[in-house]
Amino acid sequence: MWAGLGHGDVSAQQLVRLIASMAGDNEALLRERGENTTVIRQPFLIGVSGGTASGKSSVCEKIMELLGQNKIDHHQRQVAILSQDSFYKVLTPEQKAKALKGQFNFDHPDAFDNELIKQTLKQILQGETVHIPVYDFVTHSRKEEFVTVYPADVVLFEGILMFYSQEIRDLFQLKLFVDTDPDTRLSRRVLRDINERGRDLDQVLSQYITFVKPAFEEFCLPTKKYADVIIPRGADNLVAINLIVQHIQDILNGGPSKRHNGCTNGLSTPRQRRTSESSSRPH
């Protein structure tokens, strides 16, 4: 487009003015056509990590509650929650047989479909509606149905290894690590796996000693150094949670902390409102 401009034909200042003039002409043309020229920036992604049963989900749910988002219809929510647990890989018959005996390591990075996580996060950054798999922890398989997550201004994504992959870690603008006492985490996991996932005590303890604890120390705990905020005691730490809630409210209200100069870790494509979306949508 600049092929007709030879060296010395246009000064740097003239070139800047020319580009600005063209941008103004394009904006005026859009206004004449009745098209919306408002740029809506990308969602703000918050990663929430921590050991098993540390209270990651509880922290996210408390944030939603304090923001009043838990009482709003899914289509209208400005804040959404995703879980890494939804992205376990589909197991082979041999792996599934091991899993049913408590002999498969679900706390290893290879247990997760990281490509699908990355793809989903990038779709979210583009303002797209995404379909999240549903994992059945009793049968150790993906269900046929999925959960629909609509575009939101802030997305909380929680999981034990959210910060392990650099490609995924770098997509988050804010990283939280929920730091809870190991004995507390073990007792919570025992109760959860027995009551909600149909396991027996011996199986839960054997799996914890064999896989969960070593994987936490090798893969999860070292990622604590990447966290921007560490939350001791999980959802019981209301001081920390209230500070995070205030930060999210600033983002939702368009405060100075809303985005990093309109660019999200190298992904600068703005999220536009689709013409099919209701103008009453908060996002």
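Computed from a predicted structure; not experimentally measured. (Residues numbered from 1 in each chain as written. Predicted model: local features only at pLDDT ≥ 70, side-chain atom pairs only at ≥ 80, totals over all residues. Heavy atoms only, no water.)

## Remarks on the overall build of the chain
Then step 1. A count of helical and extended segments in the chain gives 8 helices and 7 strands.
Then step 2. The burial tally for the chain puts 41% of its 283 residues in the buried class.
Then step 3. Taking all contacts inside the chain whose residues are at least 6 apart in sequence as the whole, residues at least 24 apart take part in 74%.
Then step 4. As displayed, the chain offers around 15,400 Å² of accessible surface, 51% of which is attributable to carbon and sulfur atoms. (Helix = DSSP H or I, 4+ residues; strand = E, 2+ residues; numbered from the N terminus. Buried < 20%, exposed > 50% of the residue type's maximum accessible area, 1.4 Å probe, protein only. Contact = heavy atoms within 4.5 Å. Areas by Shrake-Rupley, 256 points an atom, 1.4 Å probe, with all protein chains shown as cover.)

## Points about the pattern of salt bridges
Then step 1. Per the stated rule, a full pass over the model turns up 11 salt bridges.
Then step 2. A salt bridge links arginine 192 to aspartate 193; its shortest N-O distance comes to 3.2 Å.
Then step 3. In this structure aspartate 193 comes out as buried when scored by relative accessible area, which is 0%.
Then step 4. For the salt bridge of glutamate 217 with lysine 213, the shortest nitrogen-to-oxygen distance reads 2.8 Å. One end of the pair is glutamate 217 and the other is lysine 213, both in helix H7 (residues 201–220) and 4 residues apart, which spans about a single turn.
Then step 5. Where salt bridges share partners, they join Arg189, Arg192, Asp193, Arg197 and Arg199 into one cluster. (Salt bridge = Lys/Arg side-chain N within 4 Å of Asp/Glu carboxyl O.)

## Focus: the packing of helix H6 (residues 182–197) against H7
Then step 1. As a packed pair, H6 and H7 sit with axes 10 Å apart at the nearest point and diverge in direction by 135 degrees. Put simply, H6 runs oblique to H7. The chirality of how H6 crosses H7 is right-handed. Taking contact as the criterion, the partners of Pro182, Arg185, Leu186, Arg189, Val190, Asp193 and Ile194 in H6 are, on H7, Leu201, Val204, Leu205, Gln207, Tyr208, Val212 and Phe216.
Then step 2. In terms of residue class, the contact of H6 with H7 is built from 10 nonpolar, 1 polar and 3 charged. (Axes fitted to C-alpha atoms, helices over the stretch in contact; angles between N-to-C directions. Parallel < 35°, antiparallel > 145°, perpendicular 65-115°, else oblique. Left-handed = near helix turned anticlockwise from the far one by under 90°. Nonpolar A, V, L, I, M, F, W, Y, C, P; charged D, E, K, R; others polar.)

## Some details on the sheet that holds strand E5 (residues 154–158)
Consider a sheet: its strands pair through backbone hydrogen bonds, and that pairing is either parallel or antiparallel.
Then step 1. Here we have 5 strands laid out as an open sheet, ordered E2-E5-E1-E6-E7, and parallel in their pairing. Since the sheet does not close on itself, it has two edges, and those belong to strand E2 (79–83) and strand E7 (229–232), each with one partner. Shown here is a sheet whose adjacent strand axes are inclined to one another by a mean of 20 degrees, direction ignored. (Pairing = 2+ DSSP bridges.)

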